[in-house]
Amino acid sequence: MKVSNLKPNGSVAEYVERILVIDDHQVSSPFALPLFANGTPTLLFISKKGIIKGSPVNHLLLFGQTISPEFLTFTEDFTLIAYFFKPFALLSLFGVSAQELTDRIIDINLVSPQITKELQERLLNADSAVDMLVLIDNYIAKLASQQKSDCAIIKYATQKIITSPGKEVLLQLQKELNITERTFQRTFERNVGLAPNLYRRVCQFNAAFQQLNNSRDVRLTDIAFQHGYADQSHFIRSFKEFTNLTPKQYLNY
């Protein structure tokens, strides 16, 4: 299996956080890819149809914010390309209220079939992952040129929460933006798909989760305190909420 994490190029970087490419041409038994909360809606292309919740899914998928953990399972060789969007991208690019896609996965052909069916066909016939990336970049760049929404407040707010996901950040934002709590929450949910505090908790969890992945010998207590959890038990409860696993179970998995 070859795994690559890529930075988006200039034409899509305003809307794309990062890109994941997985090539696995030696699948001998079912391979399950975890889909955990990470604060980013996602455009996913898979060369072979995978299985989620026991049902096959199409090649080109759009994910909203994920809260309930799932697994994407493959039973044959595959190439996977995931474009992890910035949190405000669904409404900006697709004109879809982010709330409608929270914890949902849809065939992107339902959004703009005339464009995406051709894109899907070209992706399936591409010679390499590099060619696939060019096709998806061009598709997103075209969406960006026809931008359907632009909310500077949400761009600023989400970036600040990602950088500092402590409990105090939301009150700070309301004061900075001079906005009522209700207006902030309504605007945030429409653009991001989650209530501000839930999104903050997802960002807090994801930062800790990434540290656990990158430093597997680090103590859970240290991770908990570094990311603003009251104690190790608090971190474990949050981890299980977003993965259905304890940190130890995840590391063994």
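Per chain, residue numbering runs from 1 following the sequence as it is written. With the structure being a predicted model, the display of local features is reserved for residues of pLDDT at least 70 and the display and counting of side-chain atom pairs for 80 or more, all residues being used for whole-chain, interface and lining totals. Hydrogens are left out, water is left out, and the side-chain values use all remaining heavy atoms of the structure.

**Some thoughts on the environment of Asp231**
To be explicit about the condition: Put simply, DSSP H or I for four residues or longer makes a helix, DSSP E for two residues or longer makes a strand, and each gets a number counted from the N terminus. Only protein chains enter the accessibility calculation, which uses a 1.4 Å probe. A residue is then buried if its area is under 20% of the maximum for its type, exposed if over 50%, and partly exposed in between.
Mapped onto the fold, Asp231 is located in the loop between helix 8 (220-226) and helix 9 (232-243). Classification of Asp231 by relative accessible area gives partly exposed; the value is 35%.

**Digging into the layout of surface pockets**
This is how it is decided: Put simply, the grid is 1 Å and covers the protein atoms alone, a cavity is a trapped set of points that fit a 1.4 Å probe, a pocket is an open set with protein on both sides within 12 Å along at least five of seven lines, and lining residues have an atom within 4 Å of a point. Grid points are joined across faces, edges and corners, and a volume is the space filled by probe spheres set on the points. Polarity classes work like this: nonpolar for Ala, Val, Leu, Ile, Met, Phe, Trp, Tyr, Cys and Pro, charged for Asp, Glu, Lys and Arg, and polar for all others, with Gly in that last group.
As a volume, the largest pocket reaches approximately 700 Å³. Lining the largest pocket are 29 residues, with Arg18, Leu20, Leu33, Pro34 and Phe84 sitting closest to its centre. For the lining of the largest pocket, the secondary structure elements donating two or more residues are strand 1 (2-6), strand 2 (16-24), strand 3 (31-35), strand 4 (42-46), strand 9 (78-85) and helix 7 (196-214). Ranked by residues supplied to the lining of the largest pocket, first place goes to strand 3 with five residues. Considered as a void within the structure, the second largest pocket measures approximately 350 Å³ in volume. Around the second largest pocket, the lining is made up of 13 residues, and of these Glu17, Asn38, Thr40, Ile162 and Asn206 lie nearest the centre. Among the elements of the structure, strand 2 and helix 7 are those that each provide at least two residues to the lining of the second largest pocket. Ranked by residues supplied to the lining of the second largest pocket, first place goes to helix 7 with five residues. Of the residues assigned to the lining of the second largest pocket, the class counts are six nonpolar, five polar and two charged.

**What to know about unusual backbone geometry**
In the Ramachandran plot, Asn178 falls in the positive-phi region, its phi being about 55° despite a non-glycine side chain. Backbone geometry at Asn244 places phi at a positive 65°, although glycine is not the residue there. By the secondary structure assignment, Asn244 is in the loop between helix 9 and helix 10 (247-252). Using a relative accessible area of 54% as the deciding quantity, one classes Asn244 as exposed.

That is the geometry; function is a separate question.
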